[in-house]
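Per-entry structural report
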Amino acid sequence: FLLGNNRQELGGSEYLKIFESKVTGNAPIIDLNEEIKLQKTLLKLINSKMINSAHDVSEGGLAITLAEKAIASKKYGCKVKLNDNTVGELFAESQSRIVVTVAQDKLIEFGKICQEAGLFCQELGAVAADNFEIEGFINVKVEKLIDIYESSIPNLMKSEH
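In what follows, the accompanying structure is described. All chains use their own residue numbering, which begins from 1 and follows the written sequence. At least 70 in pLDDT is required for a residue's local features to be given in this predicted model, at least 80 for side-chain atom pairs to be given and counted, and no such filter applies to totals for whole chains, interfaces and linings, which use all residues. Heavy atoms from the whole structure form the basis of all side-chain values; hydrogens and water molecules are not counted.

With that out of the way, let us pick up the overall build of the protein. By the criteria applied, helices consist of DSSP H or I runs no shorter than four residues and strands consist of E runs no shorter than two, each listed in order from the N terminus. Counting its secondary structure elements, the protein contains six helices and eight strands. Element order for the protein, N to C, with α for helix and β for strand: β-α-α-β-α-β-α-β-α-β-β-β-β-α. Relative to its length of 161 residues, the protein is compact, with a C-alpha radius of gyration of 17 Å against a globular reference of 15 Å. A principal-axis box enclosing the C-alpha atoms of the protein has dimensions of 55 × 40 × 25 Å. Exposure categories follow from relative accessible area, calculated using a 1.4 Å probe and restricted to protein chains: below 20% of the type maximum is buried, above 50% is exposed, and the middle band is partly exposed. When burial is assessed residue by residue, the protein has 39% of its 161 residues classed as buried. Computed with a 1.4 Å probe, the accessible areas rest on the Shrake-Rupley method; for each residue, only the protein chains presented here act as cover. Surface accessibility of the protein: about 9,700 Å² in total, with carbon and sulfur atoms responsible for 54%. Residues scored as positive are Lys and Arg, those scored as negative are Asp and Glu, and His as well as the terminal groups of each chain are ignored. Working definition for charges: the position is that of NZ of Lys, CZ of Arg, CG of Asp or CD of Glu. For the protein, the separation between the mean place of its 18 positive charges and that of its 23 negative charges on side chains is 4 Å. For the radius of gyration, the atom set is restricted to C-alpha positions; the globular benchmark scales as 2.2 Å times the number of residues to the power 0.38.

Quick look at the structure:
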């Protein structure tokens, strides 16, 4: 699940820097009231053992957050279907967003807690063993993601010589 609103803010993002060679635009806004609501709800979810994992959405946006979770697990990826695989949906760096995983048997209580807090909550998909998929965008084995991640600096250094 994604907790928090995506305002599809790309200003100053890694996406613009890498794919458009631009460092431009307004940085994402931060709404302190929204951030407080998110953090209080997250603490409640953690303390009530409603979630199995959490990772903030930051540099690189949602797509990179999901990839980082898969790489860190060394085993688990995801099968995600977004409403729209736009650049803003995938790579926006809007503040106050966290990706969480929730066990099936806790979904109803999880939903109640988020609703009571007035927190935007979007179902993304499911955890998947060995595979990383954002439907319509990428489908790769977690092992391949790890290989790309671990070889990126050595490959960069080779290309500079």
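Below, the discussion takes up the pattern of salt bridges. For this analysis, a salt bridge means a side-chain nitrogen from Lys or Arg found within 4 Å of a carboxyl oxygen belonging to Asp or Glu. Inspection of the entire model under this criterion finds five salt bridges. As a salt-bridge pair, E9 and R7 come within 3.5 Å of each other at their nearest N and O atoms. Because the salt bridges share partners, they merge into one network encompassing R7, E9 and E34.

Turning next to the sheet that holds strand β2 (residues 53-56). To summarise the sheet geometry, strands pair through backbone hydrogen bonds and adopt either a parallel or an antiparallel arrangement. Two strands are counted as paired when DSSP detects at least two bridges linking them. Spatially, four strands are ordered β2-β4-β1-β5 in an open sheet, and the strand pairing comes out antiparallel. If you trace the sheet from one side to the other, it starts and ends with β2 and β5 (121-122), each paired once. Bridge count for strand β1 (residues 2-3) against β5 is two bridges, and the pairing is antiparallel. By the bridge assignment, L2 is partnered in β5 with Q122.

What follows is about the packing of helix α2 (residues 32-47) against helix α5 (residues 107-117). To get an axis, a line is fitted to the C-alpha atoms, and for a helix only the part in contact is used. The angle between two axes follows their N-to-C directions and goes from 0 to 180 degrees. Orientation of α2 relative to α5, taken along the N-to-C sense of each, is 155°, at an axis distance of 10 Å. Taken together, α2 and α5 sit at an angle that is classed as roughly antiparallel. Between α2 and α5 the crossing geometry is right-handed. Contact residues: K37, T41, K44 and L45 in α2; F110, I113, C114, E116 and A117 in α5. Gly is put with the polar residues, along with every residue not named as nonpolar or charged; the nonpolar set is Ala, Val, Leu, Ile, Met, Phe, Trp, Tyr, Cys and Pro, and the charged set is Asp, Glu, Lys and Arg. Looking at the contact of α2 with α5 residue by residue, the classes come out as five nonpolar, one polar and three charged. Angle categories: roughly parallel below 35 degrees, roughly antiparallel above 145, roughly perpendicular from 65 to 115, and oblique for all the rest. Each helix crossing is assigned a hand: it is left-handed if the near helix lies turned anticlockwise from the far helix by less than a right angle, otherwise right-handed if that turn is clockwise. When checking whether two residues touch, look at their non-hydrogen atoms; a contact exists if any pair is within 4.5 Å.

Across soluble globular proteins, nonpolar side chains show a tendency to be buried alongside one another. As used in this record, nonpolar core signifies buried Ala, Val, Leu, Ile, Met, Phe, Trp, Tyr and Cys residues forming a set joined through side-chain atoms within 4.5 Å. Residues L62, L66, L124, F132 and I134 are the most contacted members of the largest nonpolar core, which totals 23 residues. The leading source of residues in this core is helix α3 (residues 61-73), at six residues. The contact partners of F132, leaving out residues within four places of it in the chain, are A63, L66, A67, A70, G77, C78, I138, N139, V140, V142 and L145. Judged by nonpolar contacts, the second largest core, of 14 residues, contains L3, L42, F110 and L119.

In an α-helix there are 3.6 residues to a turn, and that puts residues three or four apart on one side. Taking 1.5 Å per residue, 13 residues should reach 18 Å; α3 reaches 19 Å between its end C-alpha atoms and fits that length. For α3, the complete set of buried residues consists of G61, L62, A63, T65, L66, A67, K69, A70 and I71. Two residues or fewer past α3, K74 is found with a positive phi of approximately 65°. Here the expected span of a helix is defined as 1.5 Å times the quantity of residues minus one.

Here we come to the packing of aromatic side chains. Two aromatic rings, drawn from Phe, Tyr or Trp (for Trp, its six-membered ring), form a pair once their centres lie within 6.5 Å of each other, and the interplanar angle then sorts them: stacked below 30 degrees, edge-to-face above 60, tilted otherwise. All chains considered together, the criterion is met by five aromatic pairs. Ring geometry for F1 against F110: centres 4.8 Å apart, planes inclined by 50°, an arrangement best described as tilted. On the criterion of sequence distance, the pair formed by F1 in the segment before β1 and F110 in helix α5 is long-range, its members being 109 residues apart. Note on F1: relative accessible area 18%, which makes it buried. Between the aromatic rings of Y15 and F91, the centroid separation amounts to 5.4 Å while the plane-to-plane angle is 20°, which identifies the pairing as stacked. Here Y15 is found in helix α1 (residues 14-19), whereas its partner F91 is found in helix α4 (residues 87-91), with 76 residues between them in sequence.

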